[in-house]
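Overview (structure and organization)
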Amino acid sequence: MRDTLTHSYLFLRRAIGVIGLALPLVLIVGGVIVDGGLLSSISGYYHGSLRDVWVGSMCAVGVFLLSYRGYGRVDDLVSNVAAVAAVGVALFPTTPSDPVGSDRVVGVLHLVFAGVFFLALAYFCLVLFRKSDDPDPTRRKLARNRVYLTCGLVIVGSLLLIVLSGPLGIPGSLHPALWLETAAILAFGLAWLTKGEAILADLDR
């Protein structure tokens, strides 16, 4: 029974990781092929031909996160908040280029959900994933911790640069939000794939 639960959790973590790594690549490459160009952000693909891919992937991440359990109540709470935020990001789209009616209000809600989602992901990488019940962690665990730390810093750094891209004068033609969101989501996917021990698994596994 214990082995079954372990394998289930590893599968769950790997599934989240695969979605995180695949989503930006599928959206960007697919958007170029189907829509003929890049959009301003990953969230902007809601308004493109790949809307169903974006919404379906984020809802799947939300369901997986809702099923995930950490080391304690705080970890479980963060996981549940991240799950709700993931679904919120999908269901409340970013503001379109020609907003009408309540589009701007919905866009603000999208930004709130997105901010909460990425901050929760940073918590996973910087705090939760680096915990251990073993007082003498293996070399592989220490290596995984370095991966988690790097991924968490990439997520936080990407968020800060998205906020600062306007004041820094980075032209919109370079699609800064698109590439920074891509970096954050790829870091999220890599961290979860590592947590699922698809990368740097302990040798006794």
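The following refers to the structure shown. This one's a predicted model, so the numbers in the text were calculated from it and none came from an experiment.

Turning our attention to the side chain of Lys141. Locating Lys141 in the fold gives a position in helix H5 (residues 139-164). Residue Lys141 is classed as buried on the basis of its relative accessible area of 7%. Side-chain polar atoms of Lys141 contact the backbone oxygen of Phe129, separated by 2.8 Å. Excluding its chain neighbours within four sequence positions, the residues that come into contact with Lys141 are Phe129, Arg130, Lys131, Ser132, Tyr148 and Asp202.

As a further point, take the state of the cysteines. What makes a disulfide is a covalent bond joining the sulfur atoms belonging to two cysteines. Counted by the stated rule, this structure contains zero disulfides. The closest cysteine sulfur to the non-disulfide-bonded Cys125 is located on Cys151, 5.4 Å from its own sulfur.

Take the nonpolar core next. Judged by nonpolar contacts, the single largest core of 46 residues is most densely connected at Trp54, Leu65, Phe124 and Ile155. Looking at this core, the elements that each hand over two or more residues are helix H1 (2-35), helix H2 (51-67), helix H3 (73-91), helix H4 (103-128), H5 and helix H6 (176-195). Tallying contributions element by element places H4 first for this core, with ten residues. Setting aside residues no more than four positions away along its own chain, Leu65 makes contact with Ile16, Ser79, Ala82, Ala83, Phe117, Phe124 and Trp192.

Two elements in contact, H2 and H4, have axes whose closest approach is 14 Å; the angle formed by their N-to-C orientations is 50°. Taken together, the axes of H2 and H4 lie oblique to each other. As for the relative orientation of H2 and H4, their crossing is left-handed in sense. Contact residues: Trp54, Met58, Val61 and Leu65 in H2; His110, Phe117 and Phe124 in H4. Considered class by class, the residues forming the contact of H2 with H4 number six nonpolar, one polar and no charged.

Parameters and conventions
- Residues numbered from 1 in each chain as written.
- Predicted model: local features only at pLDDT ≥ 70, side-chain atom pairs only at ≥ 80, totals over all residues.
- Heavy atoms only, no water.
- Helix = DSSP H or I, 4+ residues; strand = E, 2+ residues; numbered from the N terminus.
- Buried < 20%, exposed > 50% of the residue type's maximum accessible area, 1.4 Å probe, protein only.
- Polar contact = N/O pair within 3.5 Å; in protein donor to acceptor, adjacent residues only side chain to side chain.
- Contact = heavy atoms within 4.5 Å.
- Disulfide = S-S within 2.5 Å.
- Core = buried A, V, L, I, M, F, W, Y, C linked by side-chain atoms within 4.5 Å.
- Axes fitted to C-alpha atoms, helices over the stretch in contact; angles between N-to-C directions.
- Parallel < 35°, antiparallel > 145°, perpendicular 65-115°, else oblique.
- Left-handed = near helix turned anticlockwise from the far one by under 90°.
- Nonpolar A, V, L, I, M, F, W, Y, C, P; charged D, E, K, R; others polar.

By themselves, these are just geometric observations and shouldn't be taken as functional.
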